[in-house]
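# Tertiary structure, described
Residues per chain are reported as follows:
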Amino acid sequence: MSIDDDVALLERVPTMRLLGESSLRMLAIGSEQRDFNAGEVLFKVGDAADAGYVVQRGTFRVEEGGAEIIAGPGALIGELALIVAMKRPSTATALERGSVIRVARSLFQRVLESDPAAARRLRDELALRTSQLASDILMAGGKLST
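The subject of this paragraph is the environment of Gly98. With respect to the element layout, Gly98 can be found in strand 10 (residues 98-104). Contacts of Gly98, omitting those with residues within four sequence positions, involve Arg34, Asp35, Phe36, Arg57, Gly58 and Phe60.

Between helix 1 (residues 3-11) and helix 3 (residues 21-30), the least distance of the axes is 9 Å, while the angle of their chain directions is 120°. Accordingly, the angle class assigned to the pair helix 1 and helix 3 is oblique. Both helix 1 and helix 3 take part in a crossing whose hand is right-handed. Contact residues: helix 1 offers Ile3, Asp4, Asp6, Val7, Leu10 and Glu11, while helix 3 offers Glu21, Leu24, Arg25, Leu27, Ala28 and Ile29. A class-by-class count of the residues in the contact of helix 1 with helix 3 yields seven nonpolar, no polar and five charged.

A full pass over the atoms with the stated rule returns nine salt bridges. Linking Glu21 and Arg25 is a salt bridge whose minimum nitrogen-to-oxygen distance equals 4.0 Å. Within this pair, Glu21 and its partner Arg25 are both found in helix 3, separated by four residues, close to a single helical turn. Of the residues examined, Arg25 reaches a relative accessible area of 30% and is grouped as partly exposed.

It is worth spelling out the sheet that holds strand 4 (residues 51-57) at this point. Spatial strand order, 1-10-4-7: four strands in an open sheet with antiparallel pairing. One side of each edge strand has no neighbouring strand; the edge strands of this open sheet are strand 1 (32-36) and strand 7 (76-77). Strand direction decides the pairing type here: strand 4 and strand 7, joined by two bridges, are antiparallel. Bridged to Val54 within strand 7 is Leu76. Against the sheet, helix 4 (residues 105-114) makes contact with strand 4 and strand 10, and its axis sits at roughly 55° relative to strand 10, the strand it touches most.

Among the surface-exposed residues, Leu80, Ile83 and Val84 lie close enough to one another that they form a single nonpolar patch of about 230 Å² accessible area. Along the chain, Ile83 falls in the loop between strand 7 and strand 8 (86-87). Given the relative accessible area of 35%, Ile83 is considered partly exposed.

Rules used in this analysis
- Residues numbered from 1 in each chain as written.
- Predicted model: local features only at pLDDT ≥ 70, side-chain atom pairs only at ≥ 80, totals over all residues.
- Heavy atoms only, no water.
- Helix = DSSP H or I, 4+ residues; strand = E, 2+ residues; numbered from the N terminus.
- Contact = heavy atoms within 4.5 Å.
- Axes fitted to C-alpha atoms, helices over the stretch in contact; angles between N-to-C directions.
- Parallel < 35°, antiparallel > 145°, perpendicular 65-115°, else oblique.
- Left-handed = near helix turned anticlockwise from the far one by under 90°.
- Nonpolar A, V, L, I, M, F, W, Y, C, P; charged D, E, K, R; others polar.
- Salt bridge = Lys/Arg side-chain N within 4 Å of Asp/Glu carboxyl O.
- Buried < 20%, exposed > 50% of the residue type's maximum accessible area, 1.4 Å probe, protein only.
- Pairing = 2+ DSSP bridges.
- Patch = residues over 30% accessible without salt bridge, like charges linked within 9 Å, V, L, I, M, F, W, Y side chains within 5 Å.
- Areas by Shrake-Rupley, 256 points an atom, 1.4 Å probe, with all protein chains shown as cover.

If you want it as structure tokens, here you go:
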């Protein structure tokens, strides 16, 4: 895929779209593509999380504590690893031949440092999500206690 194709793919990812085209271009140029065959593991529970992955082709199963999601083209796997050093809480496995764009946390942070407006947009989005999650937890707790 070309850099323009990678930028177009990154624009499909809600978190990435917030950054704007010039920041996405920097991410596309600095990221690497990785190919996987069916059954290959992208990462497993407990691995050091130093990057997020945007699915280019194929599908990946992401399993965490008995729950699973299937991530296809345009999905961002391991989003939180772009922001904070942590251990992987899940395992991601290729279900078929596919590829991902690996976005290193160090690159993502350099892009945010070079574009303060993009960093503010991302901060605001994460604050909104956190607020919504807290509200959802409170509502669920209220339903459980009745």
